[in-house]
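Chain by chain, the residues:
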Amino acid sequence: MASEDLPAPWREALETLTVHVRHERGLAAHTVRAYLRDARQVAAFCAGFRIDSPDEVTPLVLRRWLASLEERGYARTSVRRKASATRGLFALLARRGLVTTDPAAQLGSPRADRRLPRVLKPAQVAALLTAPDAATMLGLRDRALLELLYASGARVSEAVGLDTDAIDLDAGLARLHGKRDRTRVVPVGLPAVGALRHWLHEGRPRLHPDPHGPVFTNRRGRRMSARDAWGAVDRAARVAGVGKVTPHTLRHSYATHLLEGGADLRSVQELLGHTTLATTQLYTHITRAHLRRAYEESHPRA
C-alpha cells in the first residue's frame, strides 16, 4: 500500500517521522529511506486491518505484525531493524501527542543470530592489497583505497567521505567522520601512505585537477560512492582469489589482527569509533575462534 493510499492519520504520522529523521536528526539518506520504508510497512499492515489511526494500535497488533514478518521468511536482522523502527516511530508520536499511549514501548525483537564476521588471514590481506593493477589510473586508486581501509579500519562511508585536507601523509594520520557526526583521528601505516601518495600525485590529478575535495574519485572525477568502493574491493578479491570480501571484511580483519598482535581492547574501541566497549568485544570472540581453528589445524593431538 502506497503512502497516499493510507488513511490521513497515518499519512500525518509518516510525515512527522520524515521531518524528524531527515531534518531534525540529520540521518544519512540511505538510513532515512530504510526507516521510512519500515514505518510505511507497519502502517500498511495496520491499515489492512482497518486500524485507521496510530492511536488505535495495540501492543498485540504490533506483535502480530512482527510474527507475520517471521512467517513470511524475513531474516532476523531485518525483523529486528523493523521492530526498532517501529519503536522509534511510536515513541516520536507519543512525544508529539499523536498517540495517547505508546503501544511499542515494550515491543521486543527476535534474538540476533550470533554469527562471527569473516576475517582474512594476513597472507590473504597481502594478496588482496596488491591485486589492483598499479600501472593504471584506477588501479592506483583501488590500491590506495584498499590500503586505507585495512590500515585505518575505516567504514566504507568514512573512506569515500574523506577529503584531501583530512589526510596528513607526512604524519601518517587520517581524520575520519563517522556515525552520529563523530570525528576521530587514526594512524595510517607506511604502505597505505605510499599508496595514497601515488594516487594523489599521479592518478587523481588526471581526473580531478583541483587539489581540494574528495580523496577518492570515480572515472568522471566525482566523489567515489560506497557502491563504487564495494565494486573495487570485489574486483580485487576476485583477482586475488580470496573469496567473498567486502569493505567491512577489511575492517573486521583490521580489528582482529590488532588484538591478535597485542593491542588492548580500549585502544581498538577508539580506533574503530565504537561508542561502547561491548561492540568491540565481538572481536575477542573472533580472535578466540581463530586460535581454536589454528590449534585444531596444527596440533597433532587436537
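Heads up: the structure comes first, above all this text.
For the structure given in this document, a descriptive report is provided here. Bear in mind that the values here come from a model prediction, so they are computed numbers and not experimental data. (Residues numbered from 1 in each chain as written. Predicted model: local features only at pLDDT ≥ 70, side-chain atom pairs only at ≥ 80, totals over all residues. Heavy atoms only, no water.)

## Re the overall build of the chain
- Assigned secondary structure in the chain consists of 13 helices and 3 strands.
- Expressed as a percentage of the 302 residues in the chain, the buried residues total 44%.
- For the chain, the share of sequence-separated contacts (at least 6 apart) that also reach a separation of at least 24 residues comes to 59%.
- Surface summary for the chain: the accessible area is close to 16,400 Å², and the carbon and sulfur share equals 51%.
- When the 47 basic and 31 acidic side-chain charges of the chain are each reduced to a single mean position, those positions are 4 Å apart. (Helix = DSSP H or I, 4+ residues; strand = E, 2+ residues; numbered from the N terminus. Buried < 20%, exposed > 50% of the residue type's maximum accessible area, 1.4 Å probe, protein only. Contact = heavy atoms within 4.5 Å. Areas by Shrake-Rupley, 256 points an atom, 1.4 Å probe, with all protein chains shown as cover. Lys, Arg positive; Asp, Glu negative; His and termini not counted. Charge placed at Lys NZ, Arg CZ, Asp CG, Glu CD.)

## Details of the packing of helix H6 (residues 137-152) against helix H9 (residues 226-240)
- Two elements in contact, H6 and H9, have axes whose closest approach is 10 Å; the angle formed by their N-to-C orientations is 95 degrees. Considering their axes alone, H6 and H9 lie roughly perpendicular with respect to each other. Here Arg141, Asp142, Leu145, Leu146 and Leu149 of H6 lie close against H9, whose contacting residues are Ala229, Ala232, Val233, Arg235 and Ala236.
- Broken down by class, the residue content of the contact of H6 with H9 amounts to 7 nonpolar, no polar and 3 charged. (Axes fitted to C-alpha atoms, helices over the stretch in contact; angles between N-to-C directions. Parallel < 35°, antiparallel > 145°, perpendicular 65-115°, else oblique. Nonpolar A, V, L, I, M, F, W, Y, C, P; charged D, E, K, R; others polar.)

## Quick look at the sheet that holds strand S3 (residues 183-187)
- A sheet is described by the order of its strands in space; here 3 strands give the open sequence S1-S2-S3, paired in antiparallel fashion. Two strands lie at the open edges of the sheet, namely strand S1 (167-168) and S3, each paired on one side alone.
- In the sheet, strand S2 (residues 173-177) pairs with S3 via 5 bridges, with the strands oriented antiparallel. Its bridge partner lying in S3, Ala174 is registered against Val186. (Pairing = 2+ DSSP bridges.)

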